Amino acid sequence: MSSKIFDDLIIFEMANSHQGSVEHGINIIKAMGKIARKYNVKAAVKLQYRELDSFIHPDFKDRTDVKHIPRFMSTRLNYEQFSELVNAVREEGMITMSTPFDEAGVDWCMDQGLDIIKVASCSSLDWPLLTKLAKTKKPLIISTGGKTIEDIDKIYNFFSHKNCDFSFLHCIAEYPAPLDGIQLDFIDKMNKRYPDITIGYSGHEDPDNNMVAMMAIAKGSKILERHVGLPTETITLNAYSMNPEQADKWVESIVTARQMCALKKEGKKYVSQAEIDSLRSLMRGVYAKRDITEGQMLTFDDVFFAMPCGENQMTSGDFKEGKIFATKSYKANEEIKEKAPITGIGIVRTAIHDAKGMLYEAGIALGNDFEVELSHHYGLTHFRQQGAIIINIINREYCKKYIIVLPGQKHPMHAHRVKEETFQLLYGDLEVQIEGQESRIMKPGDMQTVLRGEFHAFSSVNGGIFEEVSTQHMKSDSYYKDPQIASQDPMERKTYLKKW
């Protein structure tokens, strides 16, 4: 599971770009702090920890022909020097973070009280190191460069079983990474496969390329990471590290992308009045084709559609032949200002469309053999407040159903004398109330058994779908607390559809 600390996090990866100098490292940190404050973003500076005396084999410490070792040795800092850098990060108001490559590095992270620990791609299958990291109970960010989906599954299950707070970064471990190998579509797969943790992106592409970061955000990345440094007359950055000017533009592009992608309304698309007015100016309105008398039922022979559509005028999309009666007389060519009536068929149709949309979003396929049952305990006009949509799949000695609770909908208190049932929430949210017990807020995957004779009710704030598995269901085996519902014939509070 992932905590809020990961959401909308920007990571400035220092690596060895401090060049073994505390002063140079602090200058990098200050430059990144200015950028974080300029754009008011949540940012971290990430260091790298290796206890080089034990990390590198004694016979190789002085070798110059082995990749990475000369760089590690020439930029070496001790614990006290790294602690100075950590304090500088805190003074700049940023999150402290490091990547330990060995167990001693993990101890440094803990001793310094770092906020987050990072697992490098090269270490993400280092089980001795991962075991120690899991025991820290610190928030963990795990890079997945060079790892197959099977590898990532192993890592996910390892940390999940240990109840760790962790997240994944999609990463291509080539330095610099070619654009045709970045595979941003994999972020979609990770978000779908691991929906309970935060997914981000760690980039190694050209430092002047900000398009990749913007696309990663559009794919759902909540964490963005890049290598940064500070060039001087004697220091040249590598091909994948950003200087402060490039980092500034990178962060600016991230802020812009977040604004472009953010929903204006929680879980929904916000439609502005300006958008409504713009489209209405292009819509066709309903006009009288000939004189119409008050009380007349309107047909296509009585009207025509043309623009412009005036204020309070009926649009062509709202016109329903045979459903609308004129509330006043109209002259030929006059605007028709009527409203389509709310009908039971309309209520059912819109509810079904909403239910289908929830099933699509949840990825639940029904197949071709099922029956749809709408429970409307206080009539169809109150269905959105009280009721549920029941998809009957199997009803033998055992029974299986999907029950769809629309946003804001409640199913009233009732019990079964013959049937015992177990609910498992598959999508959305659900509150279950069993008489005599505290109400329970369920999350996807949670199960609740309802015994025979137990009165129970359920509701949803944002909409939910749960699977019901039970003993055989009898249509006369539902008993309601409310006398108004109990007095009804079951057919009065049910609408059945064969498929939809």
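Below: a short report on this structure.

Procedures and definitions
- Throughout this description, residue numbers start from 1 for each chain and increase along the sequence as written.
- pLDDT decides what is reported in this predicted model: residues at 70 or higher carry local features, side-chain atom pairs at 80 or more are listed and counted, and totals for whole chains, interfaces and linings draw on all residues regardless.
- As a rule here, side-chain values come from all non-hydrogen atoms in the structure, and water together with hydrogens is ignored.
- Every helix listed is a DSSP run of H or I at least four residues long, and every strand listed is a run of E at least two residues long, numbered separately from the N terminus.
- As a reference, a globule follows 2.2 Å times the number of residues to the power 0.38, and the radius of gyration itself is taken over C-alpha atoms.
- Burial here depends on accessible area, computed with a 1.4 Å probe over protein chains only, as a share of the maximum for the residue type. Under 20% is buried, over 50% is exposed, and the range in between is partly exposed.
- The contact criterion used is simple: two residues touch if any of their non-hydrogen atoms lie within 4.5 Å.
- Throughout this description, the term nonpolar core refers to a set of buried Ala, Val, Leu, Ile, Met, Phe, Trp, Tyr and Cys residues connected via side-chain atoms within 4.5 Å.
- Two strands are counted as paired when DSSP detects at least two bridges linking them.
- Convention adopted: a line fitted to C-alpha atoms gives each axis, helices being fitted over their contacting stretch, and angles between N-to-C directions are expressed from 0 to 180 degrees.
- When an angle is under 35 degrees it counts as roughly parallel; over 145 it counts as roughly antiparallel; between 65 and 115 it counts as roughly perpendicular; any other value is oblique.
- The sense of a crossing depends on the near helix, which, turned anticlockwise from the far helix by less than a right angle, makes the crossing left-handed and, turned clockwise, makes it right-handed.
- Charged residues are taken to be Asp, Glu, Lys and Arg, nonpolar residues to be Ala, Val, Leu, Ile, Met, Phe, Trp, Tyr, Cys and Pro, and polar residues to be all remaining types, Gly included.
- In the sections that follow, a salt bridge refers to a side-chain nitrogen of Lys or Arg positioned within 4 Å of a carboxyl oxygen of Asp or Glu.

Regarding the overall build of the protein chain
At step 1: Tallying secondary structure elements over the protein chain gives 13 helices and 23 strands in all.
At step 2: In summary, the protein chain has a C-alpha radius of gyration of 31 Å against a globular reference of 23 Å for 500 residues, an excess of more than 25%.
At step 3: When the backbone C-alpha atoms are referred to their principal axes, the protein chain occupies close to 95 × 60 × 40 Å.
At step 4: The burial tally for the protein chain puts 47% of its 500 residues in the buried class.
At step 5: Taking the intrachain contacts of the protein chain between residues at least 6 apart in sequence as the baseline, contacts between residues at least 24 apart amount to 68%.

Remarks on the nonpolar core
At step 1: Phe12, Met32, Phe159 and Phe168 are the most contacted members of the largest nonpolar core, which has 67 residues in total.
At step 2: Residue contacts for Phe168: discarding those within four places in its chain leaves Ile142, Thr144, Ile152, Ile155, Tyr156, Met190, Tyr194, Ile197, Thr198, Ile199 and Gly200.
At step 3: The next biggest cluster of nonpolar side chains, apart from the first, holds 20 residues, and it includes Ile352, Leu374, Ile391 and Tyr402.

Details of the sheet that holds strand 15 (residues 410-415)
At step 1: Here we have 5 strands laid out as an open sheet, ordered 18-17-20-15-22, and antiparallel in their pairing. The open sheet has two edge strands with one neighbour each: strand 18 (440-442) and strand 22 (479-480).
At step 2: In the sheet, strand 15 pairs with strand 20 (residues 456-459) via 3 bridges, with the strands oriented antiparallel. The residue of strand 20 that forms the bridge with His411 is Phe458.

Digging into the packing of helix 1 (residues 22-39) against helix 4 (residues 79-91)
At step 1: Packing of helix 1 against helix 4 brings their axes to within 10 Å, and their N-to-C directions diverge by 20°. One element, helix 1, and the other, helix 4, form an angle in the roughly parallel class. The handedness of the crossing between helix 1 and helix 4 is right-handed. On helix 4, the residues that touch Val22, Gly25, Ile26 and Ile29 of helix 1 are Gln81, Glu84, Leu85, Ala88 and Val89.
At step 2: Of the residues contributing to the contact of helix 1 with helix 4, the split by class is 6 nonpolar, 2 polar and 1 charged.

Structural notes on the pattern of salt bridges
At step 1: Tallying each qualifying case throughout the model produces 24 salt bridges.
At step 2: Between Lys219 and Asp188 there is a salt bridge; the shortest N-O distance is 2.8 Å. A residue pair is termed long-range when its members are at least 10 positions apart, and Lys219 in the loop between helix 9 (211-218) and strand 8 (223-228) and Asp188 in helix 8 (residues 185-193) qualify at 31 residues.
At step 3: What makes Lys219 partly exposed here is its relative accessible area of 25%.
At step 4: Arg452 is the salt-bridge partner of Glu420, the closest N and O atoms lying 3.7 Å from each other. With Glu420 in the loop between strand 15 and strand 16 (421-428) and Arg452 in the loop between strand 19 (447-450) and strand 20, this pair connects stretches of sequence that are 32 residues apart.

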